[in-house]
Amino acid sequence: MNSKSNWLFHLYIIIFLLYMLLPLVVMGGAALNDSRFPSVYPWVGFTSQWFVELFQDSRMWQAFLNTILVAIAVVIISVPIGTAAAILINSLAGSTRTVLYSLMVAPILTPGAVIGISTLLFWNKFGVPAGLHLSALGQASYISAFVMLLVLARLQSFDRGLEEAALDLGANYNQVVRRILLPHLYPALGAGAAIAFFQSIENFNTTLFTRGTYDTLTVYVFSKVRSGITPTINALALILIVVTLVLMLYFEFARRRRERNVEARAVTREEVAKAQTINLDQGATANFPPTQ
């Protein structure tokens, strides 16, 4: 029974990986196939034509630049708002906590088209025209909730006694936040910033209604699909996949290197402590006269 369970588990892992990775392989292969229609079958021949056309597409690069700028703005807005909301919710109790938590989580459950339209109508009341700034504000209105959830989960492992001890020792609240709370939240803040960045890059519905006359990458791809898609989109996707894999491998190797350094320092400290203990024992023995 145990071997059968292991076999089923490995089969599930293989099917899951194929389901996740096979579309990426097909997409990347279409960028190298000499066919006007993005496909890998039939294979016409190897070509780099689509990468050349991609780098000559100025509209696409402008859309890509707009997407990165909006994503950076969303990170700058969402991380402080989500962090502040998480700290506030964590300090409350009872019905007030429940109401505030529900209000912050509600935008996640709202369709992106509704958020986009409501953002556009709200700011038009104040004479603010559509543009990338409204796209950033509209996206941040719900992406902040993702950051809040990550920070709130991290706060569950925070020892409030550290804050009380620091205050008793004379620290003010700013020092407590800067030197005790924020260092504990750094992993959640980093993860929240990464999620906010990639959520913004892939956003389409909210951006479509708030972008005005500007293009973002998702809107540009949508327009290409409507007018006739070419493998240049596959070339762009392949570049993004390769860059993502390289960054993932880099951070994984860096993490393992840090772990090895920490383990090496721990072993060194242990060896030093043992050596000091031995020296103290030898010194204590030398101070006693020999027994007759």
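Anything mentioned here points back to the structure above.
What counts, and at which threshold
- Residues numbered from 1 in each chain as written.
- Predicted model: local features only at pLDDT ≥ 70, side-chain atom pairs only at ≥ 80, totals over all residues.
- Heavy atoms only, no water.
- Phe/Tyr/Trp six-rings, centres within 6.5 Å; stacked < 30°, edge-to-face > 60°.
- Helix = DSSP H or I, 4+ residues; strand = E, 2+ residues; numbered from the N terminus.
- Buried < 20%, exposed > 50% of the residue type's maximum accessible area, 1.4 Å probe, protein only.
- Core = buried A, V, L, I, M, F, W, Y, C linked by side-chain atoms within 4.5 Å.
- Contact = heavy atoms within 4.5 Å.

Trainee: Run through the packing of aromatic side chains, naming residues and quoting values.
Mentor: For the structure on display, the rule yields 10 aromatic pairs. Summarising the aromatic geometry, the rings of tyrosine 12 and phenylalanine 16 are spaced 6.2 Å apart at their centres and angled 25 degrees between planes, so their arrangement reads as stacked. Of this pair, tyrosine 12 and phenylalanine 16 both sit in helix H1 (residues 2-30), 4 residues apart, which is roughly one turn of the helix. Aromatic side chains phenylalanine 197 and phenylalanine 198 sit 5.5 Å apart centroid to centroid with 90 degrees between the ring planes, which places their arrangement in the edge-to-face category. The exposure class assigned to phenylalanine 198 is exposed, which follows from its relative accessible area of 52%. By the ring-pair criterion, three or more aromatic residues cluster together here, those being Phe55, Trp61 and Phe64.

Trainee: Which residues make up the nonpolar core, and what values do they have?
Mentor: Membership of the largest hydrophobic core comes to 25 residues, with the highest contact counts inside it found for Ala86, Met148, Val151, Leu155 and Leu185. Those elements giving two or more residues to this core turn out to be helix H3 (58-91), helix H4 (95-109), helix H6 (132-155) and helix H8 (173-202). Apart from the residues within four sequence positions on either side, alanine 86 is in contact with Met148, Val151, Leu152 and Leu155. In this structure, Leu54, Ile233, Ala235 and Leu238 belong to the second largest nonpolar core, which totals 12 residues.

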